[in-house]
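Listed below are the residues making up each chain.
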Amino acid sequence: MTYRDDIRFILNGREVSARDVGASRTLLDFLRLERRLTGTKEGCAEGDCGACTVLVGRLTEAGLIYAPVNACIRFLASVDGCHVVTVEHVSGPEGALHPVQQAMIDFHGSQCGFCTPGFVMSLYALWMQTPEPTEAQVETALQGNLCRCTGYAPIIRAAVAVSRYGTPAADHLTAEREAMTARLRALRDGRRVVTGPDDNLAILPADVDDLAQCLVETPGATIVAGATDVGLWVTKFLRPIGPAIFTGHLEALKTVAREADHLLIGAGASYTDCQSLLSQHLPHLAPYWDRIAGWQVRNMGTVGGNIANGSPIGDTPPVLIALGAEITLRHGSERRTLPLERFFLDYGKQDRAAGEFVESIRIPLPGASDRNAAYKISKRRDEDISTVAAGLSVTVERGRITRARLAFGGMAATPKRAAQAEAALIGQPWAHATFEAAAEALAEDFSPLSDWRGSAGYRMLSAQNLLRRFFLEQDADTTAPAQLATA
Amino acid sequence: MKDTLTITGAAHSDHNHDSAVKHVTGRANYTDDIAMPEGTLHAYLGVSHVAHATLHGLDLSEVLAVPGVVGVLTAADVPGVNDISPTGRNDEPVFPTDRIQFHGQPLFAVVAETRDIARRAAERACIDCTPLPHALDPVAAQEAGYPHVTAPLKLERGDLDAGLAAAKNRIKGRITVGGQDHMYLEGHIAFAIPGEDDDVIVHCSTQHPSEAQHMVAHVLGVPSNAVVVNVRRMGGGFGGKESQMNLFAAVAAMAAKKWGQAVKIRPDRDQDMTATGKRHDFVIDYEVGFDDTGRIEAVGGTFAARCGFSSDLSGPVTDRALFHADNAYFYPNVRLTSRPMKTNTVSNTAFRGFGGPQGVVAAERMIEEIAYATGQDPLDVRKANFYGNEGRDLTPYHQQVEDNILDRLVSELEESADYRARRTEILAYNAGSPVLKKGIALTPVKFGISFTATWYNQAGALVHVYNDGSIHLNHGGTEMGQGLNTKVAQVVAEAFQVDFERIKITKTTTEKVPNTSATAASSGTDLNGMAALNAVEQIKARLVEFACDRWAVPPGAVRFEANRVLIGDEVLSFDAFIRQAYLARVQLSAAGFYKTPKIHWDRDKGQGRPFYYYAYGAACSEVTIDTLTGEYRVERTDILHDVGRSLNPALDKGQVEGAFIQGMGWLTTEELWWDDAGRLRTHAPSTYKIPLASDRPRVFNVNLADWSENRELTIKRSKAVGEPPFMLGISVFEALSMAVASVADYRECPRLDAPATPERVLMAVDRLRRGAA
């Protein structure tokens, strides 16, 4: 079968066929520089400010789903087969203002206006999914949108009032859903896509087996899933990434399911894709999950990528290690499974051979005697990188701790278990003194760094205090709240 | 003719921002959205990678070898004067020639066919330099014997030493107050199009088109009349585009003239944050003497600021810190001194409040010290020290406070926020809550309005009425989101009695109004609104004269009312009337002008009336902290703010809300962090954390003091609003402090430094607990 050499997608109303799309070409540059769609802005080029927010609609098993994403770090090649919606396409065909736009005007939701198109896009996506949101839901939806002028209050007022201006049923994306689904289906030809110049090649495998094959053929290729980190390699560090193998279009890599005594998360599942399953079976992760980046990044970034990337400050490894997660790596048709903590060898070094890729994550479901917590400390509560992250899991039987898995991020060169602190817990009674001893022991486990996110002293003291918080929260005799309530 | 008896967009109405529809549809054009002429080139800056060094030379051969690179610009290519110092001190080169003065300092520019090529090529320079020792902060700079970047200021009244000696209680302390990045969503950008002869047009995101014009002329070595600077709108400014655009405008213009093609320069966010200035950090040493009731008797303070390598606006910024070191309080004996320190960091600049907020923080710290020392509610200490009647109404700069409304304003807020009862509840809550602790604080602000550089307090406007009755409005102010254009258009609509929509708001350009001042110091509406009104009144006077002549009526019989003109018994539509005036050869265009009265300032003596009037406000904030991690949340904020008789309450409220959040961010999560090599490591939103929607207070009640009216003859008796409410964020800082103090039973002032990050809160909790144990 011959390869396809163009990227095909629908931009607003029109089909686009883009040839010679280099791996590192961003969607934002394509929109602004080639299509002169200047409503989408560049604010930071790192997926933090949301001024570049666009909607990407993709066909899933559940149908056509639109999600807000950051066009600045989204690669053009990755929108193959998708519907890209920019702010220019939000108003009705006759130019009538959209309910979100009218509400933003009426509530004085814009001042300088530069962030406004991005806010409009995030609120548009929220309204499609939750027409009558609470303030808390609005805040969560806007974690990835910065405004420096308004202080947000008028934007929130507008967002909770949008439903008074119109319902999603009357929206043109809703009206065109079936037709758009058909148009997107028609773009699919089941072929591998290979495009771009030789030194910046973009490869979109036809399916997961083809992904394995592509990696065997090009073992040194950069694997691009959500691009929420690789995007910055390009926009911030000007690093070449070609040849790059894209995986974001592989729906089979995004499956999430409960299987008997564990959860199976496809490595390509975004944070959003696995949110509801995780919240259902591991409720302690629900508030934690909302604190991973902003909505746009959660719609793009994958759990597999968060792991494979090997960062010492990734949000998911500590909490998954504490739960005893395992990962399966694949090379060609060969697979191997290992405990997640063994994947992280050293700073920037993971146990992944050339040509191998993370295929899935297996998370055992806790037993009845297990107590679990997931904690994150960051300078700003939302959309921040953790200063310290902790996954804490212990089994308590007849008043005694029989098993402990305490994993921390931000405390060492890799996400790492606290062996001394675990030892201080195991075999000991569930008691304040036990956790004081574990907190003391934690100082033996880690020698954290000082940087702009926190000093070594703060990291250590707050990590120790997270053990104390864990005891207070899980202890039946303690009633006073031990942390700030989540929204 | 319209039947309605009122106009849209009258003064004092809640008219929408004039660009609101364009904002929400993405059709508002910013500089980067302007269609580019064919062949437009792109420039990018190459920067230093050391904080301080002797510069021997640049080897740019590798840069020039990159395909698509058209050329480079270095100091040697500057045709005029290699200086962009806004105060003419000649201490800020476009590109340095012999010394690198901070990490990230622009050393040259690459010009290429695309921005991407230019950006990549800029990395390939070989910089020949010998590193020198560096000093990054004002304390290190003083220890290293670094000079002041500009002359310090001393404000003195009474006898400090005698006052302190006589005071029953004295406290000495130090507070470090961090800087702040502007984090305007639209970064710096300039786009230059060469013209014939010396001419060049520069589209630029700037709060100060006239300065950009003068700097471009200065750097090009051409008269100002050869340079046009245009700005329709900015995506935020906050002071960051008052002088910092000079570099970009100059580079774009130089390149455009050198290659004869349009040139755009837009740094990425990281370069924007590292290569342009920020709010000044301060280290403030204070000593306060007070009596047993908490009444202040004497205050001494030294305000050392991290100014960076050049003076930029550090002189007036550090001056304004001293002007506001009293906040709302009378100091019977006082001596305040500034130390504008040179440091090997980017040159700090204007930022909303312009040094004032740092001064206010120092004042509030002294109030806190007194409250903890005397065991009082800090609000009682505040009230006991407010400016009062004769004998207690002189500022440290000898201006009489004539318009103080804080007694009423604070009392009203105290009541509406239920401050006393909530404080009692919080004290009880803290006693029973081991981990979570709450704090509450009600803080006032008094902010002086006018540029302290007196000559800046002037403005011009240009109003045309076309013969179809449509109106063209232009003035010297710039729109950065604050709604200045909307308010000025309201003034014009009101004066002509025509609908707002009849008025076309046009880009700010140095071609129409010359020699303008920066849109800064909260003065935009005060100055430009008056200038526009002056233009309208000139045209109206001619129209009235014409009507009297034509219809043979006395002037009193000519009235402009709701899109009509009433002349005796005749009623004409505005359009028809204008048409008649045109045919009668009435001049339908006028240049307006305004200068602020009453103000004067003798800096050498430290005496005068630098401010036309004061704006006031107060905020009450409640927070909860987690004493295990230092994390916190703002539970509730109530604000009562004075904007005089508001020209547009909706826009003014937006300014108040936004300023509060920005002020809160400054004092909480926004931390600038340099490593030992002098490299700023918090240089993009991934590392520099401004507030998010979820950081705003859980309950947020914002009101304007609608009973207030400016006692001075300002535009429609309104007051400036841009900067004063920024300082309302201090209430959050003070509330955090109270929550921390609870762990040592409120016996010790926690002496939090700013920003009070979760780390600083936890470490202060830890320190106080150890001290109390």
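Preceding block: the structure.
In short, a report on the structure. (Residues numbered from 1 in each chain as written. Chains lettered and ligands numbered in written order. Predicted model: local features only at pLDDT ≥ 70, side-chain atom pairs only at ≥ 80, totals over all residues. Heavy atoms only, no water.)

## Some thoughts on the sheet that holds strand β6 (residues 193–195) of chain A
Residues and elements named next belong to chain A. Pairing is mixed across the open sheet formed by 4 strands, whose spatial order is β6-β7-β9-β8. Looking at which strands have only one partner, the edges of the open sheet turn out to be β6 and β8 (222–224). Strand-to-strand twist across the sheet, computed as the mean angle between neighbouring axes with direction ignored, equals 20°. Where β8 lies against strand β9 (residues 244–246), 3 bridges are found, and the strand directions are parallel. Considered in β9, the bridge of Ile223 is made with Ile245. (Pairing = 2+ DSSP bridges. Helix = DSSP H or I, 4+ residues; strand = E, 2+ residues; numbered from the N terminus. Axes fitted to C-alpha atoms, helices over the stretch in contact; angles between N-to-C directions.)

## Considerations on the interface of chain B and chain A
Across the contact, 84 residues belong to chain B and 78 residues belong to chain A. In total, chain B and chain A occlude about 6700 Å² of area from one another, counting both sides; carbon and sulfur atoms represent 56% of this. Summed over the three residues of chain B that lose the most area to chain A, namely B:Val24, B:Leu185 and B:Leu692, the buried surface amounts to 11% of that side. Linking B:Glu631 and A:Arg291 is a salt bridge whose minimum nitrogen-to-oxygen distance equals 3.9 Å. In this structure, the connection of chain B to chain A is made through 41 residue pairs in polar contact (both at pLDDT 80 or more). Looking at the side of chain B that touches chain A, the elements that each hand over two or more residues are α1 (20–25), α3 (115–122), α8 (269–275), β27 (613–626), β28 (632–641), α17 (649–667) and α19 (758–772) of chain B. The class makeup of the residues in the side of chain B that touches chain A is 34 nonpolar, 25 polar and 25 charged. (Contact = heavy atoms within 4.5 Å. Buried area = accessible area lost by both parts, 1.4 Å probe. Salt bridge = Lys/Arg side-chain N within 4 Å of Asp/Glu carboxyl O. Polar contact = N/O pair within 3.5 Å; in protein donor to acceptor, adjacent residues only side chain to side chain. Nonpolar A, V, L, I, M, F, W, Y, C, P; charged D, E, K, R; others polar.)

## With respect to the sheet that holds strand β22 (residues 564–567) of chain B
All names here are of chain B. On the basis of which strands lie adjacent, the open sheet formed by 3 strands has the order β21-β22-β23 and antiparallel pairing. One side of each edge strand has no neighbouring strand; the edge strands of this open sheet are β21 (558–561) and β23 (570–573). Within the sheet, the average angular offset between the axes of one strand and its neighbour, ignoring direction, is 20°. Bridge count between β21 and β22: 4 bridges; the pairing is antiparallel. Considered in β22, the bridge of Phe560 is made with Val565. Against the sheet, helix α16 (residues 574–583) contacts β21, β22 and β23, and its axis sits at roughly 90° relative to β23.

## Some points on the pairing of strand β2 (residues 14–19) of chain A
Residues and elements named next belong to chain A. Taken together, the 6 bridges between strand β1 (residues 6–11) and β2 define a ladder with antiparallel strand orientation. Its bridge partner lying in β2, Phe9 is registered against Val16. As consecutive antiparallel partners, β1 and β2 are separated by 2 residues, and within that stretch Asn12 has a phi angle of approximately 55°, a positive value.

## A look at a negative patch on the surface
There is a patch of like negative charges on the surface, built from B:Glu196, B:Asp197, B:Asp198 and B:Asp199. Looking at the secondary structure, you find B:Asp198 in the loop between β9 (190–194) and β10 (200–204). (Patch = residues over 30% accessible without salt bridge, like charges linked within 9 Å, V, L, I, M, F, W, Y side chains within 5 Å. Areas by Shrake-Rupley, 256 points an atom, 1.4 Å probe, with all protein chains shown as cover. Lys, Arg positive; Asp, Glu negative; His and termini not counted. Charge placed at Lys NZ, Arg CZ, Asp CG, Glu CD.)

## Comments concerning the environment of A:Val297
All names here are of chain A. Among the secondary structure elements, Val297 is positioned in helix α12 (residues 295–300). Put simply, Val297 and Ala286 are 11 residues apart on the chain and 17 Å apart in space, counted from C-alpha to C-alpha. Setting aside residues up to four positions removed in sequence, Val297 forms contacts with Gly47, Asn70, Thr228 and Tyr271.

## Here's the deal with the pairing of strand β11 (residues 227–231) of chain B
Residues and elements named next belong to chain B. The buried fraction of β11 is high, at 5 of 5 residues. Because side chains alternate across β11, one face comprises the buried residues Val227, Val229 and Val231, and the other comprises Val228 and Asn230, equally buried. One ladder, built from 4 bridges, connects β10 with β11; its direction is parallel. Opposite His203, over in β11, you have Asn230 as the bridge partner. Once you follow β10 into helix α6 (residues 209–220) and on to β11, the crossover reads as right-handed. Across 2 bridges, β11 lies against strand β20 (residues 508–509) in antiparallel orientation. Bridged to Val231 within β20 is Thr508. (Buried < 20%, exposed > 50% of the residue type's maximum accessible area, 1.4 Å probe, protein only. Right-handed = clockwise from strand over helix to strand, strands pointing away.)

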